[in-house]
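Summary of structural features
Below are the chains, spelled out letter by letter.
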There are 2 protein chains.
Amino acid sequence: MNIPSDILQQAVDQLRSLPGVGARTALRYALHVESSSADEVQRLADSLLALKHSLRHCQLCHNLSDTDLCPICASPKRRRDTVCVVENVQSVMAVEATGQYQGLYHVLGGVISPIDGVGIHDLELDSLVARVRQAEPEPVAEVILALPGTMEGDTTAYYIYRQLAPLGVKVTAIARGVAVGDNLEYADELTLGRSIASRHPFEAQ
Amino acid sequence: MNIPSDILQQAVDQLRSLPGVGARTALRYALHVESSSADEVQRLADSLLALKHSLRHCQLCHNLSDTDLCPICASPKRRRDTVCVVENVQSVMAVEATGQYQGLYHVLGGVISPIDGVGIHDLELDSLVARVRQAEPEPVAEVILALPGTMEGDTTAYYIYRQLAPLGVKVTAIARGVAVGDNLEYADELTLGRSIASRHPFEAQ
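No experiment lies behind these values; they were computed from the predicted model shown.

Some points on the domain arrangement of chain A
Size of an interface: often given as the accessible area lost when the parts come together. Domain boundaries assigned for chain A yield domain 1 (6-53) and domain 2 (57-201). Just the C-alpha atoms count here: the centres of domain 1 of chain A and domain 2 of chain A sit 34 Å apart.

See the structure below:
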């Protein structure tokens, strides 16, 4: 593309750094911004800067938070003896959306992935072990591993299991299986295989 | 979506104002920004603000420009007696990409669209008439209408034709027809019909 302005070109280059945004989409975004009011653009720019400068990580669970302790960790209604270990904030939002979970979280900030250069010390793994070991203000009875069903997720789950097993805490993992409402023929072989291996006594509901 | 942070929520709300961006994409963008370096975020914010505060419109053709006169209008290599009328900067880029056009442009900033509240005075129509009438520094010999092939584009083209015809300038429109490389069976009826109506003497190349 032959963009007639350096200022526009720079904005397009910057917007292309966003995930999944190519040159055409970046140009559309930039021209939209150009035609917005000065106030709107200022609010957009301020909100992006605030992400970097005002957003914090919860001191306990490392979830993104506006405060030192996130609303979930600060809530007196949540069970403090159960910790759900997840990859990132999107996972927290996904679990929260189910309305099924009343415990706390531990956000690793990724999964172990040597190919992407993500090692053990890039993640909140030590702080998870410390959290279980510390047992304050209440001991952790169960750690639920809710990590992605990928090789990296499985590796991370195994590493955590090895670290936590000696501490005597119960370590569980979320079930893998055929999605609710799905036909068996549409499930991939690995998922269906794991679903059969993890079969459980039938319960009439 | 239950976003755990007001700062994150605000950024998502702002990013959703971009064209075609829904809540999920906005969250992906926001989390990407959050995990970028402070320098990167500053550059992104600055480039967006520059779009609003530093980008100008060319005084002659109204294309987006960093300078009072855009590089096309300022170029001594372009023919100044031919003016191509287009809807927006994307159209200029599309025509420039063909490498077939050596004249100047006139960017309307839209097309007449009563439904969207875009009237005659919201567009650079008077300035086009003035430009043809003024005939300085060189008279305009031909105005090429390269507007979208929609009802709004056709209405705008007709309005311009009515304004310019009394001034004795030659007014032409880009050809509509079956795309190069396309089979007739895949062209829509309107396009194929217009393509037959606009047939021209065959030239062996």
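Picking up after the structure, the text goes on.
Focus: the pairing of strand E3 (residues 82-86) of chain B
Residues and elements named next belong to chain B. Burial within E3 is extensive, with five of its five residues counted as buried. Side chains Thr 82, Cys 84 and Val 86 of E3 all project onto a buried face; the interleaved residues Val 83 and Val 85 project onto the opposite face, where all are buried too. In terms of handedness, the path from E3 via helix H5 (residues 89-98) over to strand E4 (residues 104-107) forms a crossover that is right-handed.

Looking at the side chain of Asp 66 of chain A
Among the structural elements, Asp 66 of chain A can be located in the loop between strand E2 (64-65) and helix H4 (71-74). Of the side chains with opposite charge, Arg 56 of chain A lies nearest to the buried Asp 66 of chain A, which makes no salt bridge, at 7.3 Å. Engagement of the side chain of Asp 66 of chain A in a polar contact is seen with the side chain of Ser 5 of chain B, the distance being 2.6 Å. The contacts of Asp 66 of chain A, once residues within four sequence positions are left out, are Leu 55 and Arg 56 of chain A together with Ser 5, Asp 6 and Ile 7 of chain B.

Some points on unusual backbone geometry
Residues and elements named next belong to chain A. Even without being a glycine, His 62 presents a positive backbone phi close to 70°. By secondary structure assignment, the location of His 62 is in the loop between strand E1 (56-57) and E2. Take His 62: its relative accessible area is 16%, and that puts it in the buried class.

Brief notes about the sheet that holds strand E5 (residues 142-145) of chain A
In any sheet, the strands associate via hydrogen bonds between backbone groups, in a parallel or an antiparallel arrangement. All names here are of chain A. Read across the open sheet, the four strands follow the order E4-E3-E5-E6; overall the sheet is parallel. Single-partner strands in this sheet number two, and they are strand E4 (104-107) and strand E6 (170-173). Neighbour-to-neighbour, the strand axes of the sheet open up by a mean angle of 25°, direction not taken into account. Across four bridges, the pairing between E5 and E6 is parallel. By the bridge assignment, Glu 142 is partnered in E6 with Lys 170. Against the sheet, helix H6 (residues 126-134) touches strand E3 (82-86), E4 and E5, its axis set at about 150° to E4. Along the sheet, helix H7 (residues 151-164) makes contact with E3, E5 and E6, crossing E5 at roughly 165°.

Brief notes about the interface of chain A and chain B
Taken together, the 54 residues of chain A in the interface contact 54 residues of chain B. Contact between chain A and chain B buries roughly 4800 Å² in total, counting both sides, with carbon and sulfur atoms accounting for 72%. Counting across the chain A and chain B interface gives zero salt bridges. At the junction of chain A and chain B, the tally comes to 15 residue pairs in polar contact (both at pLDDT 80 or more).

Notes on the layout of surface pockets
Put simply, the largest pocket is a space of about 620 Å³. The wall of the largest pocket is formed by 24 residues, among which Glu 87, Asn 88, Gly 109 and Gly 110 of chain A together with Ser 35 of chain B lie closest to the centre. Looking at the lining of the largest pocket, the elements with two or more residues in it are helix H5 (89-98) of chain A together with helix H2 (23-35) of chain B. It is H2 of chain B that provides the largest number of residues to the lining of the largest pocket, a total of five residues. Tallied by class, the residues present in the lining of the largest pocket amount to eight nonpolar, ten polar and six charged. Estimated volume of the second largest pocket: approximately 370 Å³. Elements that contribute at least two residues to the lining of the second largest pocket include exactly helix H2 (23-35) of chain A together with H5 of chain B.

Basis of the calculations
Residues numbered from 1 in each chain as written. Chains lettered and ligands numbered in written order. Predicted model: local features only at pLDDT ≥ 70, side-chain atom pairs only at ≥ 80, totals over all residues. Heavy atoms only, no water. Domains from an automatic or database assignment. Buried < 20%, exposed > 50% of the residue type's maximum accessible area, 1.4 Å probe, protein only. Helix = DSSP H or I, 4+ residues; strand = E, 2+ residues; numbered from the N terminus. Right-handed = clockwise from strand over helix to strand, strands pointing away. Lys, Arg positive; Asp, Glu negative; His and termini not counted. Salt bridge = Lys/Arg side-chain N within 4 Å of Asp/Glu carboxyl O. Polar contact = N/O pair within 3.5 Å; in protein donor to acceptor, adjacent residues only side chain to side chain. Contact = heavy atoms within 4.5 Å. Pairing = 2+ DSSP bridges. Axes fitted to C-alpha atoms, helices over the stretch in contact; angles between N-to-C directions. Buried area = accessible area lost by both parts, 1.4 Å probe. 1 Å grid on protein atoms, 1.4 Å probe; cavity = no way out; pocket = protein on both sides within 12 Å on 5 of 7 lines; lining within 4 Å. Points joined across faces, edges and corners; volume = space filled by probe spheres on them. Nonpolar A, V, L, I, M, F, W, Y, C, P; charged D, E, K, R; others polar.

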